[in-house]
Amino acid sequence: MRYYFFMLMIIIVFSCKKSENIPEDNRCANLIIDDLNVQLLSNQEMDSIKYVFNKNHLGYENLQFWHYAEDLGFKYIGAYQFVNNLKVFTDYWGFEFDKNDSLINQGGDSITNFNLTDKPKLSLAQVRGIFIKAVNNDGWYKNDTEIQDSCINMEFGYYDLNSGSSFQPKNYTTAWYVKPSKKDYPFAYIDDLKGQLITYGNGIFTKKK
């Protein structure tokens, strides 16, 4: 019994040290709440979307529409998917309707058997610390004090770690989408459960020779 107690204490101490090793940055951080009920499109566009969805008996209770376009009578609609009232940063939905407003194509996966929490593990200071560390490792932005000293937007949601991998099972984690408040780049997705970077982009694209 004493041995098991000793091992338990080692695990607890190790876990605490591991958590303490996550860098913290207590400068400005904005928590972004992208509620499912926030409307991103005009009332006219939403009316058109609801009409074609109702006509084709499609549900949209967990979708937030962000894109609507018409071309030669065809309608193209894009939507974010929400679970637990949090955005899924991967697994967008896309819909195409013909000139008769009939559905002819849709892309996306409905999320089922989802058991992740809707509460974050990392603090905003830890999320900012992980992001700034990534910026400092970026040759384009490591000396950009304007970005490092600016407010950083952080949105909490879900991310499929196997997104983009063909024939791989879904592997969701709680995650953060992070970027400067007044810029689109650099940005990062951070794994909330593991406290590490998932992906980072600086918006710099170079052609291969």
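Residues numbered from 1 in each chain as written. Predicted model: local features only at pLDDT ≥ 70, side-chain atom pairs only at ≥ 80, totals over all residues. Heavy atoms only, no water.

Engineer: Help me understand the confidence of the model for the chain, please; the structure alone is not making it clear to me.
Structural biologist: Atomic detail in the predicted coordinates should be set aside for any region of low pLDDT. With 88% of its residues at a pLDDT of 70 or more, the chain shows a mean pLDDT of 87. Taken together, the stretch residues 1-18 has pLDDT below 50 and engages in zero contacts with residues farther than four places along the chain or on a different chain. (pLDDT = per-residue confidence, 0-100. Contact = heavy atoms within 4.5 Å.)

Engineer: Before we go on, may I ask you to explain helix H3 (residues 124-136) in this structure?
Structural biologist: Owing to its 3.6 residues per turn, the α-helix aligns residues three or four sequence positions apart on the same side. For H3, spanning 13 residues, the distance from its first C-alpha to its last is 18 Å, which sits close to the expected 18 Å at 1.5 Å a residue. For H3, the tally of buried residues reaches ten of 13 residues, placing the bulk of the element in the interior. Of the positions making up H3, those classed as buried are Ala125, Gln126, Val127, Arg128, Gly129, Ile130, Phe131, Ile132, Ala134 and Val135. (Helix = DSSP H or I, 4+ residues; strand = E, 2+ residues; numbered from the N terminus. Expected span 1.5 Å × (residues − 1). Buried < 20%, exposed > 50% of the residue type's maximum accessible area, 1.4 Å probe, protein only.)

Engineer: What's the story with a nonpolar patch on the surface in this structure? I'm lost.
Structural biologist: Residues Val38, Leu40 and Trp66 make up a contiguous nonpolar surface patch of about 260 Å² in total accessible area. For Trp66, a relative accessible area of 38% puts it in the partly exposed group. (Patch = residues over 30% accessible without salt bridge, like charges linked within 9 Å, V, L, I, M, F, W, Y side chains within 5 Å. Areas by Shrake-Rupley, 256 points an atom, 1.4 Å probe, with all protein chains shown as cover. Salt bridge = Lys/Arg side-chain N within 4 Å of Asp/Glu carboxyl O.)

Engineer: Can you help me understand the state of the cysteines in this one?
Structural biologist: Simply put, disulfide is the name for a covalent bond between the sulfur atoms of two cysteines. In this structure the tally under the stated criterion is one disulfide. One disulfide in the model links Cys28 with Cys151; its S-S distance is 1.8 Å. Since a negative S-S torsion denotes a left-handed disulfide, the Cys28-Cys151 link at about 90° is right-handed. Within this pair, whereas Cys28 is found in the loop between helix H1 (2-20) and strand E1 (29-32), its partner Cys151 is found in the loop between helix H4 (145-149) and strand E7 (152-160), the two being separated by 123 residues in sequence. Note on Cys28: relative accessible area 29%, which makes it partly exposed. (Disulfide = S-S within 2.5 Å.)

Engineer: Whenever I open this one, the pattern of salt bridges confuses me. Can you help?
Structural biologist: For side chains bearing opposite charge, pairing can occur when the charged atoms are close. Summed over the entire model, instances satisfying the criterion amount to eleven salt bridges. Residues Lys119 and Asp118 are paired through a salt bridge, measuring 3.1 Å at the closest nitrogen-oxygen approach. Judged by relative accessible area, which is 34%, Asp118 ranks as partly exposed.

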